[in-house]
Structures are given as structure tokens and as C-alpha cells.
Amino acid sequence: DQQVKQNSPSLSVQEGRISILNCDYTNSMFDYFLWYKKYPAEGPTFLISISSIKDKNEDGRFTVFLNKSAKHLSLHIVPSQPGDSAVYFCAASGAGNQFYFGTGTSLTVIP
Amino acid sequence: NAGVTQTPKFRVLKTGQSMTLLCAQDMNHEYMYWYRQDPGMGLRLIHYSVGEGTTAKGEVPDGYNVSRLKKQNFLLGLESAAPSQTSVYFCASSYSRAALYGYTFGSGTRLTVV
């Protein structure tokens, strides 16, 4: 029973264009959401977060959007760079200590 | 500037053997976690600890035990390994519940049980 879903296993984007990675969740009690980036043979690294009191958070080229009514969040990367090629995981948490992770989306940025 | 260090990085076990995975962090973090990553499943929480001497079950705790005798170390034990425990194991740590600051992850341990 996957509470956090990333329905696109992979995404290819041209360098300089926008990358949009999507994530859906089922638990309306989730109130914190994070995105992680993972390179092969490395652990995930924290990228950006958002709480349910906001609908947008920006950090440089990365912006996360939250649509609570649709239980949907997205990560926008603009402009995309070849170094952004990695697997991206979204994660969500409610009142407890556990974050639930999605299955990941593999992003390839084509030079 | 080590962050989170996992030992070993790779291991092959025979069914029924036991082993312990070690996680060490040098950031004085209170919270530590063990996750497993399997194809098509994302990362799933096995056990976690909110401080020295404490442990709690996560989403998939069966077949694993943990101990947090020192604040900087979090051990994951497999008493009798099974092929279903073939996975990549990640340890992570955080100051608090890490709601908006994320975890610091180790580089992973790839375990194969044959």
C-alpha cells in the first residue's frame, strides 16, 4: 500500500529546459514533504522541502509546488543541467517520525 | 567531515547466517534511521531511534534488530538472513524529526543473501 507515489519511473529533458517531477500521496494527514536526489552508489541527498502551510518553496533553480486538495506535489528544475541527471525521490510525513518515500523518478538531462 | 558512515559497503551472506551493519555519525544528531531500498519499492523504514538507548519499529521491521548504545552509532542486525533481505540498506540521521531539514544519508550497504 504505497502512500507516496511517483508514477513516472523516468524522464528525459533537454539541457536548459524545465524538468517537472511529480508526486502524489494518499494520506491527508501528511504535512511535511521533501525531495531527495540520488546519484548511483551514493545515498540520497536532501534537496528541498515544503510544509502544508505553504504552496510553493523556491531554492535557486529548484521549486516545489504543493496542491493539498489534489494531494499532489511537483518539483520544477529550471534550467535543467546535465549534472541534475539522477534519481529523485519525494517523501512525506505526518505527525509521527516516519517519512514515506516514493519509488523515485530517474531524470536524464540531455546535453 | 565524514557525516554518516556505513560499514560494510558490500556483503554476501548465505541463508541463515547472521551479520551486523554499522552506522556511525559525527554530527551529534539525535535521530537515526535504517532504510532498505528495493526495486520498485522506494525506501522503506526498518527501525529508527530518537535518542541514545531508544529504538522503535518502522514500516518493515520483521527479521531485523537494532541497538543504539551510543549516540553516534546505530547497529542493524540480521539474526538469520533470508533471500528476501537482499537489498540496499541506507542509514540516515537528523537533528530532530527532520521535517524541513531532511536527513543525512550514508552511502549504503549492498547486501546479497544467497
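In case you missed it, the structure is sitting above this.
Draft legend 1. View of the side chain of S49 of chain B. Residues and elements named next belong to chain B. Note on placement: S49 falls in strand 5 (residues 42-49). Overall, S49 belongs to the buried group, its relative accessible area being 0%. Within polar-contact distance, the side chain of S49 engages the backbone oxygen of G51 at 2.9 Å. Side-chain polar atoms of S49 contact the backbone oxygen of T54, separated by 2.6 Å. Discounting chain neighbours no more than four positions away, the residues touching S49 are E30, Y31, M32, T54, T55, R68 and F74.

Draft legend 2. Structural detail: the interface of chain B and chain A. Listed as interface residues are 24 residues of chain B and, on the opposing side, 26 residues of chain A. Together chain B and chain A conceal approximately 1900 Å² of surface at their shared face, both sides included; 58% is due to carbon and sulfur atoms. Our count for the contact surface shared by chain B and chain A stands at 0 salt bridges. Run the count over chain B and chain A and you get 1 residue pair in polar contact (both at pLDDT 80 or more). When contributions to the side of chain B that touches chain A are tallied by element, the ones reaching two or more residues are strand 4 (31-38) and strand 5 of chain B. The residue makeup of the side of chain B that touches chain A, split by class, is 15 nonpolar, 7 polar and 2 charged.

Draft legend 3. Representation of the side chain of S87 of chain B in the model. All names here are of chain B. Mapped onto the elements, S87 comes out in strand 9 (residues 87-94). Judged by relative accessible area, S87 falls into the buried class, the value being 6%. Within the structure, the side chain of S87 is placed 2.9 Å from the backbone oxygen of Q37, a separation counted as a polar contact. In this structure the side chain of S87 is engaged in a polar contact, spanning 2.8 Å, whose partner is the side chain of D38. Not counting residues up to four positions away in its chain, the partners in contact with S87 are R36, Q37, D38, T109, R110 and L111.

Draft legend 4. The state of the cysteines, seen in detail. Here the structure, examined in full by the defined rule, presents 2 disulfides over all chains. The residue that forms a disulfide with C23 of chain A is C90 of chain A, at a sulfur-sulfur distance of 1.9 Å. Because the sign of the S-S torsion sets the handedness, a value of about 70 degrees for the bond joining C23 of chain A and C90 of chain A places this disulfide among the right-handed ones. Here the residue C23 of chain A occupies a position in strand 3 (residues 19-25), and C90 of chain A occupies one in strand 9 (residues 86-93), the gap between them amounting to 67 residues. According to the relative accessible area criterion, C90 of chain A is buried, its value standing at 0%. The disulfide bridge from C23 of chain B ends at C91 of chain B, spanning 1.9 Å between sulfur atoms. With the S-S dihedral at roughly -75 degrees, the linkage between C23 of chain B and C91 of chain B falls on the left-handed side. Of this pair, C23 of chain B sits in strand 3 (residues 19-25) while C91 of chain B sits in strand 9, placing them 68 residues apart in sequence. One exposure class covers both C23 of chain B and C91 of chain B, and it is buried.

Calculation rules
Along each chain, the written sequence defines residue order, and numbers are assigned to residues from 1. The naming scheme follows written order: chains are lettered A onward, ligands numbered 1 onward. pLDDT decides what is reported in this predicted model: residues at 70 or higher carry local features, side-chain atom pairs at 80 or more are listed and counted, and totals for whole chains, interfaces and linings draw on all residues regardless. Each side-chain value is worked out from all heavy atoms of the structure, with water and hydrogens disregarded. Secondary structure elements are taken from DSSP: a helix is a run of H or I of four residues or more, a strand is a run of E of two residues or more, and numbering for both begins at the N terminus. The cut-offs for exposure are 20% and 50% of the maximum accessible area for each residue type, with area from a 1.4 Å probe on protein chains only; residues under the lower value are buried, those over the upper are exposed, and the others partly exposed. N or O atoms within 3.5 Å of each other form a polar contact, as long as, within protein, one can give a hydrogen and the other can take it, and as long as residues adjacent in sequence are counted only when both atoms are side-chain atoms. In this analysis, two residues are considered to be in contact whenever any of their non-hydrogen atoms come within 4.5 Å of each other. The buried area of a pairing is the accessible area, by a 1.4 Å probe, that goes missing from both parts when the two are put together, added over both. Salt bridges are counted wherever a side-chain nitrogen of Lys or Arg sits within 4 Å of a carboxyl oxygen of Asp or Glu. Under the convention adopted here, Pro, Cys and the residues Ala, Val, Leu, Ile, Met, Phe, Trp and Tyr are nonpolar, Asp, Glu, Lys and Arg are charged, and Gly plus all remaining residues are polar. Disulfides are defined in this document as cysteine sulfur pairs within 2.5 Å.

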